[in-house]
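Chain by chain, the residues run as shown.
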Amino acid sequence: MRRLPDAVEDRLKGLPEGLIEHIERVREIARELASLHSIDVERVDLARALDADTPLGSAREYGIEPSPVHGGKPLLLHGPVAAEWLEREAVIDDAQVLEAVRCHTTGRSGMGPVARVVFLADELDPSKGSRDPFQDDIASLAREDLDRALLRFL
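Residues numbered from 1 in each chain as written. Predicted model: local features only at pLDDT ≥ 70, side-chain atom pairs only at ≥ 80, totals over all residues. Heavy atoms only, no water.

Draft legend 1. Structural detail: the packing of helix H2 (residues 17-36) against helix H8 (residues 113-123). The contact between H2 and H8 brings their axes to 8 Å, and the two run at 130°. Judged on the interaxial angle alone, H8 and H2 are oblique. In this structure, the crossing between H2 and H8 has a hand that is right-handed. Residue-level inspection shows His 22, Val 26, Ile 29, Ala 30, Leu 33 and Ala 34 of H2 in contact with H8, the latter providing Val 117, Leu 120, Ala 121 and Asp 122. Looking at the contact of H2 with H8, its residues break down into eight nonpolar, one polar and one charged. (Axes fitted to C-alpha atoms, helices over the stretch in contact; angles between N-to-C directions. Helix = DSSP H or I, 4+ residues; strand = E, 2+ residues; numbered from the N terminus. Parallel < 35°, antiparallel > 145°, perpendicular 65-115°, else oblique. Left-handed = near helix turned anticlockwise from the far one by under 90°. Contact = heavy atoms within 4.5 Å. Nonpolar A, V, L, I, M, F, W, Y, C, P; charged D, E, K, R; others polar.)

If you want it as structure tokens, here you go:
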């Protein structure tokens, strides 16, 4: 596994322990799925390395206009804000990585392979198992077919 950019490593150090543990579990799942589906593991790993609880103010600083949904669920903005931060501050210009970071929480139509892996890996974190009774089925399906796993999840 390649070392993360210094700006990302520094940002990770400031996160709560539980969030760091979640990120590490998701990175592990993402690396496994990427390997099984011949997707660049390093891109998947970098895409999932940054995750933070983001207030609405940070979104506005980056010119991301929150929708009414975000007012009630500002955490949904952490992917778009993290992607902007990575692009502007950590100087990541890999479009696949930025897409994966941007939509890892909400998903979106037409996601590329790196984004699909990161989205599924985030949902397959074992700590989320109590929320999704179909998690084992989705995990098994994701090892065979990412698209079918996404459809099953949705």
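Still to come is the rest of the account.
Draft legend 2. Quick peek at the nonpolar core. Formed by 25 residues in total, the largest nonpolar core has its most connected members in Leu 33, Ile 39, Val 44, Val 117, Leu 120 and Leu 124. Put simply, the parts of the chain that give this core at least two residues each are H2, helix H7 (95-103), H8, helix H9 (135-144) and helix H10 (146-153). The element that contributes the greatest number of residues to this core is H8, accounting for seven residues. Look past the residues within four positions of Leu 124 in its chain and what remains in contact with it is Ile 29, Leu 33, Gln 135, Ile 138, Ala 139 and Ala 142. Among the nonpolar cores identified, the runner-up in size contains 20 residues, and Ile 64, Leu 77, Val 81 and Ala 82 belong to it. (Core = buried A, V, L, I, M, F, W, Y, C linked by side-chain atoms within 4.5 Å. Buried < 20%, exposed > 50% of the residue type's maximum accessible area, 1.4 Å probe, protein only.)

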